[in-house]
Amino acid sequence: MNYNLLIVDDSQDVGRLLELILTRAGYNVVLAEDGREVMKLIKERLPDLVLLDIMLPHMDGYEVCSLIHQEHPSIPVLMLSSLDSQMDMRRSLEVGACEHISKPFDRTLLLAAVARHLEDHATE
């Protein structure tokens, strides 16, 4: 199956790196840089999974994740952030994220997490 992923990061460098890693792994990728853009893109085409930074302009990732979870609870959201305290990780899960991955991330572990959550989602 050809999965569609939405990457949300206000850093263009991080966004392009994630896009490169994930497209090479065979995923279709769309990039967004802020929360408002995310909600617009999701209305246009539901992604199979969202990779979401926490520190974003306009709406932070927690707020965006909460909105996604309320409107589309079946879409897995992976928080990907340099905010990596236990409190940040717990808050990510509380707002509906499936997992919190710390930056800098390991490419192999990131790809494994994406594949795992897509498989979990496909079997629901």
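Given the structure is predicted, the values throughout are model-derived calculations rather than measurements.

Visitor: Describe the confidence of the model for the chain, with residues and values.
Guide: Overall, the predicted model of the chain reaches an average pLDDT of 94, with 98% of residues at or above 70. Per-element averaging of pLDDT across the chain places helix α2 (residues 35-44) at the bottom with 90 and strand β3 (residues 49-52) at the top with 98.

Visitor: Describe the pairing of strand β2 (residues 28-32), with residues and values.
Guide: Looking at chain direction, strand β1 (residues 4-8) and β2 are connected through five bridges and run parallel. From the neighbouring strand, leucine 5 faces β2, where its bridge partner is valine 29. Viewed along the sheet, the connection from β1 through helix α1 (residues 12-24) into β2 turns out right-handed.

Visitor: A description of unusual backbone geometry should follow, citing residues and the corresponding values.
Guide: The amide bond that connects lysine 103 to the next residue, proline 104, takes the cis arrangement and shows omega of -5 degrees. Mapping proline 104 onto the fold places it in the loop between β5 (99-102) and α5 (107-122). Although it is not a glycine, histidine 58 sits at a positive phi angle of roughly 75 degrees. Judged by relative accessible area, which is 54%, histidine 58 ranks as exposed.

Visitor: Requested: an account of the side chain of aspartate 53, with residues and values cited.
Guide: Relative to the elements of secondary structure, aspartate 53 occurs in the loop between β3 and α3 (61-71). Residue classification places aspartate 53 among the buried positions, given a relative accessible area of 5%.

Visitor: An account of the pairing of strand β4 (residues 77-81) is needed here, citing residue identities and associated values.
Guide: Counting buried residues along β4, five of its five residues qualify, which places the element largely inside the surrounding structure. Burial along β4 is two-sided: Val77, Met79 and Ser81 and Leu78 and Leu80, pointing in opposite directions, are all buried. Relative to β4, β3 runs parallel, the two being bridged by three bridges. What sits directly across from valine 50, in β4, is valine 77. Taking the sense of rotation as the criterion, the β-α-β connection linking β3, α3 and β4 turns out right-handed.

Visitor: Requested: an account of α2, with residues and values cited.
Guide: Taken together, the buried positions of α2 are Gly35, Val38, Met39, Leu41 and Ile42. Projected down its long axis, α2 carries its buried residues within an arc of 165 degrees, all on one side. Exposed residues lying more than 90 degrees from the buried face of α2 are Lys40, Lys43 and Glu44. The secondary structure elements touched by the buried residues of α2 are β1, β2 and α3. Two to three positions downstream of the cap, the backbone nitrogen of arginine 36 sits 3.0 Å from a side-chain oxygen, assigning the N-cap of α2 to aspartate 34.

Visitor: Lay out the packing of α1 against α5 in plain terms, naming residues and giving numbers.
Guide: Between α1 and α5, the shortest axis-to-axis distance is 11 Å and the interhelical angle comes to 65 degrees. By crossing handedness, the relation of α1 to α5 is classed as right-handed. For the pair α1 and α5, contact is made by Leu18, Ile21 and Leu22 and by Arg107, Leu110, Leu111 and Val114, respectively. Considered class by class, the residues forming the contact of α1 with α5 number six nonpolar, no polar and one charged.

About the cut-offs
- Note on numbering: residues in each chain are counted from 1, in written sequence order.
- Reporting of local features is limited, given that this is a predicted model, to residues whose pLDDT is at least 70; pairs of side-chain atoms are given and counted only at 80 or more, and all residues count toward the totals for whole chains, interfaces and linings.
- Computation of side-chain values covers all heavy atoms of the structure but excludes hydrogens and water.
- Confidence of the prediction at every residue is given by pLDDT, a number between 0 and 100.
- In DSSP terms, a helix is any run of H or I states spanning at least four residues, a strand is any run of E spanning at least two, and both are numbered starting from the N terminus.
- A pair of strands is considered paired only if DSSP assigns at least 2 bridges between the two.
- Handedness of a crossover is defined as follows: with both strands directed away from the viewer, a clockwise route from the first strand across the helix to the second makes it right-handed.
- Remark: exposure states derive from per-residue accessible area (1.4 Å probe, protein chains only) relative to the maximum for the residue type, with buried under 20%, exposed over 50%, and partly exposed in between.
- This arc corresponds to the set of directions leading from the helix axis out to the C-beta atoms.
- The contact rule is simple, with two residues in contact once any of their heavy atoms fall within 4.5 Å.
- For the purposes of these results, a polar contact is taken to be a pair of N or O atoms within 3.5 Å, where, inside protein, one atom must be able to donate a hydrogen and its partner to accept one; residues adjacent in sequence count only when each atom of the pair is a side-chain atom.
- Axes, fitted as lines to C-alpha atoms, cover a helix only where it is in contact. Angles between the N-to-C directions of the axes lie from 0 to 180 degrees.
- Throughout, a crossing is termed right-handed when the near helix is turned clockwise from the far one, and left-handed when it is turned anticlockwise from it by less than a right angle.
- Polarity classes work like this: nonpolar for Ala, Val, Leu, Ile, Met, Phe, Trp, Tyr, Cys and Pro, charged for Asp, Glu, Lys and Arg, and polar for all others, with Gly in that last group.

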